[in-house]
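One letter stands for each residue in the lines below.
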Amino acid sequence: MNLLFVDDETHLRDLMERELSDLGHAVTLAANGDEALRSMDAKAFDVVILDLRMPGLDGMGVFRRIRSRGEDPEVLVLTGHATTESAIEALRLGAWDYLTKPCRLDELKVVLERIEAFHTLKQENRTLKRDRARYQRQPILLGESAPLRAVREQITKVAQGDAPILLQGETGTGKELAARAIHEQSTRRDRAFVVLDCGQISDSLLESELYGHEQGAFTGAVHAREGIFEAAHRGTLFLDEIADLPVHLQSKLLRAVETGEVRRLGSTTLRKVDVRIVCATRGNLAEAVSCGRFREDFYYRLQGVEILLPPLRDRPEDVPLLIQEFLRRYPSPRLKNLDVDPSVVACLAAWNWPGNVRELENVVQRIVLLADRTPVQLHDLAQFGVLESGGSASPRGRSLADMERAHILRILRETHGSKSQAAEFLGISLKTLYNKLTSYGLSAPD
Ligand SMILES: Nc1ncnc2c1ncn2[C@@H]1O[C@H](COP(=O)(O)OP(=O)(O)OP(=O)(O)O)[C@@H](O)[C@H]1O
Ligand SMILES: [Mg+2]
């Protein structure tokens, strides 16, 4: 450590310089308070060992100066004139320890070792906190399938430029996550990432939302307000559900994107803004263009870079990894290290996931919430009501017999277990139903 030893006794300074250097520290000496302050101006110290009684600026004076300068070396008081008052004052100022002369070297050595251990911990803690903050901020599209790797590579490549980007993909495929990843990997990362959901906002408000307004621009405009273009200045503006943008606003938006200038409602001045546009849509924008719901010129403008987020059913090999990630992210409060049986993973990987990764995330959350043993088994899933709501999905890769069984059980659930009603729904005799249930290993009361 870097030590500053402050004492007016020459022989003690010489002794300490030798002894503390032998312990492996870099020692600087000061004979009085003013010298100590000058040393601290020149260099940062880990520990200051401070005598109290010195001619000129005394030890306590130096200590107060250290605190008022907002520096944070540890301070060790070493005095030949211990008093209750100075001990209290030293503690109040946050002294690490208060030692009295004559000081035993082995005692000083132990104290310094403790400080060093504390410093190492503090340093480690700082690094960990910084890493964690960075990790939490880092939006990461997980997945090792070829299509997802390709998306990640594309994101890294396009993040640098300023070209508008169009993200397309079904619901829950990670379009917003991708938009955030683009922002975080760009030089704009320290500026704002502003989200505007074009489908969630009323026509009249959208314009003032986008461009801002001056005071009194319209009824209710009590205060002037900056629009999101201004808020996103030098950052990224994420226009979600762009296909829902009313046509008359598309042309205005196009102009703002092309000129990089916006005018607040009720204002005559144009303001320059530097905004990177990232759009997302669930639907097919080209189709919206051919129906006349989306301006063609705007489409071409946005289409500069198009990234397609692949649906989860096209990359079942990503499912196990995502399950593990979500199990890690949502730990069960009741079961330590909750896990799922490989058969559950296989079943989830075979599902067709109309809601994509968001749906998988919800399913895992549900499993975590309802599980009362680990690992979770395949037949627990049915009890949790997982993979059945939605209904629209038909699992891939299952045999016809499996499908039939699932269908019959679903109908039975709908009829609250009434087998005669179920048989009628299914268009089979009650006897056939019983036979089928027996072949599934389900006895009548089940
Ligand atoms: N590849 C992925 N890795 C990890 N998490 C993901 C991935 N893709 C999506 N998610 C998670 O799934 C959820 C939905 O993602 P996101 O909101 O980005 O989807 P979206 O495409 O914008 O959906 P929508 O069209 O419904 O708005 C989020 O919680 C997101 O973190
Ligand atoms: Mg979204």
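Residues numbered from 1 in each chain as written. Chains lettered and ligands numbered in written order. Predicted model: local features only at pLDDT ≥ 70, side-chain atom pairs only at ≥ 80, totals over all residues. Heavy atoms only, no water.

A.B. asks: Residue-level account of the site of ligand 1, with values.
C.D. replies: The environment of ligand 1 is made up of 16 residues, and the closest members are Leu142, Thr171, Gly172, Lys175 and Glu361. Backbone polar atom of leucine 142 to a nitrogen atom of ligand 1: 2.9 Å apart, as the coordinates give it. Here an oxygen atom of ligand 1 and a backbone polar atom of threonine 173 are 3.4 Å apart. Look at ligand 1: alone it shows 630 Å² of surface, and the protein chains cover 88% of it. Breaking the shell around ligand 1 down by element, the ones donating at least two residues are helix 7 (175-185) and helix 15 (356-370). Looking at the shell around ligand 1 residue by residue, the class counts come to six nonpolar, four polar and six charged. Composition of the shell around ligand 1 by domain shows at least three residues from each of domain 2 (146-310) and domain 3 (313-439). (Near = heavy atom within 4 Å. Polar contact = N/O pair within 3.5 Å; in protein donor to acceptor, adjacent residues only side chain to side chain. Areas by Shrake-Rupley, 256 points an atom, 1.4 Å probe, with all protein chains shown as cover. Helix = DSSP H or I, 4+ residues; strand = E, 2+ residues; numbered from the N terminus. Nonpolar A, V, L, I, M, F, W, Y, C, P; charged D, E, K, R; others polar. Domains from an automatic or database assignment.)

A.B. asks: Describe the pattern of salt bridges, with residues and values.
C.D. replies: Tallied over the entire structure, the rule returns 26 salt bridges. Among the ionic pairs, glutamate 176 bridges to arginine 180, the shortest N-O distance being 2.9 Å. Taken as a pair, glutamate 176 and arginine 180 lie in helix 7 at a separation of four residues, close to a single helical turn. By relative accessible area, which is 31% here, glutamate 176 ends up partly exposed. Judged by relative accessible area, which is 34%, arginine 180 ranks as partly exposed. Across the salt bridge formed by arginine 271 and glutamate 214, the nearest N and O atoms sit 3.3 Å from each other. One end of the pair, arginine 271, is in strand 12 (residues 270-272); the other, glutamate 214, is in the loop between strand 8 (212-213) and strand 9 (225-226), with 57 residues separating them in the sequence. Relative accessible area serves as the criterion here: at 28%, arginine 271 is assigned to the partly exposed category. Exposure remark for glutamate 214: the relative accessible area of 22% places this residue in the partly exposed category. If you follow the salt bridges from partner to partner, you end up with Asp7, Glu9, Asp51 and Lys101 in one network. (Salt bridge = Lys/Arg side-chain N within 4 Å of Asp/Glu carboxyl O. Buried < 20%, exposed > 50% of the residue type's maximum accessible area, 1.4 Å probe, protein only.)

A.B. asks: Give a detailed account of helix 2 (residues 33-42), specifying residues and quantitative values.
C.D. replies: Among all positions of helix 2, only Gly33, Ala36, Leu37, Ser39 and Met40 are buried. In a view along the axis of helix 2, the buried residues occupy a sector of 160°, so they form one face of it. More than 90 degrees from the buried face of helix 2, the exposed residues found are Arg38, Asp41 and Ala42. Where helix 2 is buried, its residues touch strand 1 (2-6), strand 2 (26-30), strand 3 (47-50) and helix 3 (59-68). At the N-terminal boundary of helix 2, the capping side chain belongs to asparagine 32, with an oxygen 3.1 Å from the backbone nitrogen of aspartate 34. (Arc of directions from axis to C-beta. Contact = heavy atoms within 4.5 Å.)

A.B. asks: I'd like a description of the state of the cysteines, backed by residues and values.
C.D. replies: Here the structure, examined in full by the defined rule, presents zero disulfides. Distance from the sulfur of cysteine 291, which forms no disulfide, to the nearest cysteine sulfur (cysteine 198) is 18 Å. (Disulfide = S-S within 2.5 Å.)

A.B. asks: Which residues make up the domain arrangement of the chain, and what values go with them?
C.D. replies: According to the domain assignment, the chain consists of domain 1 (2-129), domain 2 (146-310) and domain 3 (313-439). Put simply, the middle of domain 1 and the middle of domain 2, counted by C-alpha atoms, are 57 Å apart.

A.B. asks: Break down the sheet that holds strand 13 (residues 276-281) for me, with residues and values.
C.D. replies: Pairing is parallel in the open sheet, where five strands are placed in the order 7-10-13-6-14. Edge strands, defined here as strands with exactly one partner in the open sheet, are strand 7 (193-197) and strand 14 (305-308). The average angle at which neighbouring strand axes cross in this sheet is 20°, direction not considered. Where strand 6 (residues 165-168) and strand 14 come together, four bridges link them in parallel fashion. Its bridge partner lying in strand 14, leucine 166 is registered against glutamate 306. (Pairing = 2+ DSSP bridges. Axes fitted to C-alpha atoms, helices over the stretch in contact; angles between N-to-C directions.)

A.B. asks: Before we move on, could you go through the sheet that holds strand 1 and cite the residues and values that matter?
C.D. replies: Taken in spatial order, the five strands line up as 2-1-3-4-5 in an open sheet, and their pairing is parallel. Of all strands in the sheet, those with a lone pairing partner are strand 2 and strand 5 (97-100), marking the two edges. Adjacent strand axes in the sheet meet at a mean angle of 20°, parallel and antiparallel pairs treated alike. The strands that helix 1 (residues 10-22) touches are strand 1, strand 2 and strand 3; relative to strand 2, the one it contacts most, it runs at about 170°.

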